[in-house]
Amino acid sequence: MPIKPLHSDLITNRTKTIQYAIRDVVVTAKRLEASGQQITYLNIGDPIVYDFETPSFLVDAFCAAAKEGHNGYSASAGIPTFRKAVVKKEKRINQVTIHESDVIATAGISEGIQMVMAALVHPGSEVLVPGPTYPPYLAFVRFFDGTALTYRCIEEEGWRPDPDDIRAQITDKTAAIVLINPNNPTGSVYSEKTIKTFVNIAGEYGLPLISDEVYDRLIYDQTPKSTAALAKDVPVIGFNGLSKVYLVPGWRIGYMYFHHQNHEFAELKEHILKQARIRICTNAPAQYASAVALQESDAYLKPVLARLRERRDLVSKRLNEIQGISTSKPEGAFYIFPKINLNNRWTNDETFVMELLHKTGVLVVHGSGFDPNHGANHFRLVFLAPPPILNSALDALQHFMEKGS
Ligand SMILES: Cc1ncc(COP(=O)(O)O)c(C=O)c1O
């Protein structure tokens, strides 16, 4: 007897309501591509889609790990050499002092977000996240029946978070405050003063502070300070990983650490370790290879940053020359988040992005996908592509804005 399609009522609202704008827009792009249209993908922050390459010492270390037989399950919290390498890297690069037992290897930061939210978010809990934010922070909080509330980041001030808006939204339901520095999608890098404001607010209200620093070395002007390095007696959960800085997003390797004064996170850590045990472990050869990589010299990054800086300068200059578009210059990461003057021509940023895609084949992500409040009327463009591709996408965008096609 043929099996009937599963009735929609049997599927949870939990999965029905989650979204991930960065990949959701690809569905339409792929359909257009299948019908013969050429698409320029400027939507996803994967550093090796175009002309950047994973450093060879990393690839060699990964192959060596597999050849040496590190293909079994590993310890759930991560192999000791990986955890030790994270401790050394955090000290060397970010001046953060942690102990190896405070580090948990994860399948990218993405898994870390899921585990931490699973442990902290009760039905009805609220988590304060940047507005605009990296979308999984919105999705995972909702997934666990909580609400992610975005705090305003001030575009005119380089997308600096507004401390008054953070304070105004803290209630007895607040479970945590998240900051992303350098920021996706705005490219903003926070000053020491801004980070200290976060630390002070978290300390004042006794809230866990979650600091996502995945772009910690993809910076163009000032070197960012790590939150944990500035938070003397305020506990911080740090998220980091190898996807971006080491150009290995497909390895799915990252980590979280607990930076504490007096074991404030001891119980939380136990509950996160339980989740780590349930999912057995993260990619074992990647942990071995990353343990090597994290100790390597950063020489490979210099040319990467020089090319990214050139692309950052190119897109910020050209976008500001286009009628109806204005933007601040990113200070880190590889994203730019321009404002669109919708001018009664489009009902919202999503219809703008879809019309741009249909008419020009250029795919960017609508800003409201990063926050319906503070991201609306914007779009995010990823400037990882080489200058000729960026230039022709910007030519197309300019023509679209000025001539409508
Ligand atoms: C701020 C931020 N955190 C985390 C991630 C995901 O990192 P991972 O590949 O380690 O899951 C991204 C990816 O774009 C990001 O922008």
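Residues take numbers from 1 onward in each chain, read along the sequence in its written order. In view of the model being predicted, local features appear only for residues whose pLDDT reaches at least 70, and side-chain atom pairs are presented and counted only at 80 or more, with totals across whole chains, interfaces and linings using the full set of residues. Note that water and hydrogens are dropped before the side-chain values are worked out from all heavy atoms of the structure.

Here a salt bridge means any side-chain nitrogen of Lys or Arg lying within 4 Å of a carboxyl oxygen belonging to Asp or Glu. In total, this model carries 21 salt bridges according to the counting rule given. Among the ionic pairs, D145 bridges to R14, the shortest N-O distance being 3.9 Å. Pair noted here: D145 is in the loop between α6 (136–143) and β4 (147–154) and R14 is in helix α1 (residues 13–16), with a separation of 131 residues, a long-range link. The buried label goes to any residue with under 20% of its type's maximum accessible area, the exposed label to any with over 50%, and the partly exposed label to all in between, with areas taken from a 1.4 Å probe on protein chains only. Since its relative accessible area comes to 41%, D145 is described here as partly exposed. With relative accessibility at 36%, the residue R14 sits in the partly exposed group. Linked through salt bridges whose partners overlap, the residues forming this network are D221, R312, D313 and K329. Per the convention used, a helix needs a DSSP run of H or I reaching at least four residues, while a strand needs a run of E reaching at least two, with both numbered from the N terminus.

Axes here refer to lines fitted to C-alpha atoms; in helices the fit is confined to the stretch in contact. Angles between the N-to-C directions go from 0 to 180 degrees. It is at 9 Å that the axes of helix α5 (residues 108–120) and helix α10 (residues 266–278) come closest, and there the two elements cross at 125°. Considered as vectors, α5 and α10 are oriented oblique to each other. Read as a crossing pair, α5 and α10 show a hand that is right-handed. Residues Q114, M115, V116, A118, A119 and L120 of α5 pack against L268, I272, Q275 and A276 of α10. All residues other than Ala, Val, Leu, Ile, Met, Phe, Trp, Tyr, Cys, Pro, Asp, Glu, Lys and Arg, Gly among them, are scored as polar; the first ten of these are nonpolar and the last four charged. When its residues are assigned to classes, the contact of α5 with α10 shows eight nonpolar, two polar and no charged. Just so you know how the angles are binned, under 35 degrees is roughly parallel, over 145 roughly antiparallel, 65 to 115 roughly perpendicular, and the rest oblique. Should the near helix be turned counterclockwise from the far one by less than a right angle, the crossing is left-handed, whereas a clockwise turn marks it as right-handed. Note on contacts: a residue pair qualifies if any of its non-hydrogen atoms lie within 4.5 Å across the two residues.

Right, let's get into the domain arrangement of the protein. You'll often see interface size given as the accessible area lost when the parts meet. Residue ranges assigned to each domain were obtained from an automatic or database domain assignment. For the protein, the assigned domains read domain 1 (8–53 + 300–403) and domain 2 (56–293). The buried area of a pairing is the accessible area, by a 1.4 Å probe, that goes missing from both parts when the two are put together, added over both. The contact between domain 1 and domain 2 buries some 3300 Å² in all, and 59% of this surface belongs to carbon and sulfur atoms. Area buried by domain 1 at its contact with domain 2 is led by Y300, E331 and H374, which between them contribute 21% of it. One can count two salt bridges joining domain 1 with domain 2.

If a probe the size of a water molecule is rolled over the atoms, the empty space left behind becomes visible. A pocket, in this scheme, is an open set of points on a 1 Å grid over the protein atoms alone with protein on both sides within 12 Å along at least 5 of 7 lines, while a cavity is a set where a 1.4 Å probe fits but cannot get out; residues line either one if an atom lies within 4 Å of a point. Grid points are joined across faces, edges and corners, and a volume is the space filled by probe spheres set on the points. Approximately 550 Å³ is the volume found for the largest pocket. Elements supplying a minimum of two residues to the lining of the largest pocket: α2 (21–34), α5 and α6. For the lining of the largest pocket, the leading source of residues is α5, giving five residues. Its residues assigned to classes, the lining of the largest pocket comprises 13 nonpolar, seven polar and seven charged. The residues that make up the lining of the largest pocket include at least three from each of domain 1 (8–53 + 300–403) and domain 2 (56–293).

Taken together, 13 residues form the shell around the ligand, and within it S110, N184, D212, Y215 and S243 come nearest. Here a polar contact is taken to be a pair of N or O atoms separated by no more than 3.5 Å, where protein atoms must pair a possible hydrogen donor with a possible acceptor and residues adjacent in sequence count only if both atoms sit in side chains. Within the contact set of the ligand, an oxygen atom lies 2.7 Å away from a backbone nitrogen or oxygen of I109. Against a free-state accessible area of 400 Å², the protein chains account for coverage of 95% of the ligand. A molecule is said to occupy a pocket when more than half its atoms come within 2 Å of that pocket's grid points, and by this definition the ligand occupies the largest pocket. Each residue belonging to the shell around the ligand can be placed in one class, and the counts come to six nonpolar, four polar and three charged. The cutoff for a nearby residue is simple: one of its non-hydrogen atoms must lie within 4 Å of the molecule or strand. Only the protein chains shown count as cover for residues, with accessible areas throughout obtained via the Shrake-Rupley method and a probe of 1.4 Å. If over half the atoms of a molecule are within 2 Å of the grid points of a cavity or pocket, the molecule is regarded as sitting in it.

Now for the packing of helix α13 (residues 349–360) against helix α14 (residues 387–403). Packing of α13 against α14 leaves a shortest axis separation of 11 Å and a crossing angle of 115°. Relative to α14, the element α13 lies roughly perpendicular. Handedness of the crossing formed by α13 with α14: right-handed. Counted together, F352, E355, L356, K359 and T360 of α13 and A396, L397, F400 and M401 of α14 form the full contact between these two elements.

When two rings of Phe, Tyr or Trp (its six-membered ring) have centres within 6.5 Å they constitute a pair, described as stacked for plane angles under 30 degrees, edge-to-face for angles over 60, and tilted for the intermediate range. Scanning the model with the defined rule gives 20 aromatic pairs in all. Cluster of aromatic residues (ring-pair linked, three or more members): W346, F352, F379 and F400. Taking the ring centre of F400 as reference, the NZ or CZ of R345 above it sits at 5.1 Å. A positively charged side chain is recorded as over a ring if its NZ (Lys) or CZ (Arg) lies within 6 Å of the ring centre. The angle to the ring normal must also be within 35 degrees.

Quick look at the environment of A61 now. Looking at the secondary structure, you find A61 in helix α3 (residues 56–67). Counting along the chain gives 224 residues from A61 to P285, while the straight-line C-alpha distance between them is 8.5 Å. For A61, the contacting residues outside a window of four places in its chain are A289 and V292.

It is worth spelling out the sheet that holds strand β11 (residues 335–336) at this point. An order of β11-β15-β14 is seen for the three strands of this open sheet, with the pairing classed as antiparallel. Two strands in the sheet have a free side with no partner beyond their single neighbour: β11 and β14 (365–366). Strand pairing is assigned whenever DSSP detects at least two bridges linking the two strands. Two strands pair when backbone bridges link them, and β11 and strand β15 (residues 379–382) are joined in this way by two bridges, in the antiparallel orientation. For I336, the partnering residue across the bridge sits in β15 and is L381.

Picture the strands of a sheet paired through backbone hydrogen bonds; they go either parallel or antiparallel. An order of β2-β9-β8-β7-β6-β3-β4-β5 is seen for the eight strands of this open sheet, with the pairing classed as mixed. Two strands close off the open sheet at either side, each with one partner strand: β2 (103–106) and β5 (160–161). Bridge count for strand β8 (residues 236–241) against strand β9 (residues 254–259) is six bridges, and the pairing is antiparallel. Looking across to β9, one finds that I237 is bridged to F258. Most of the contacts of α5 go to β8, to which it runs at about 155°, and overall it touches β2, β3 (126–131), β6 (174–180), β7 (209–212), β8 and β9.

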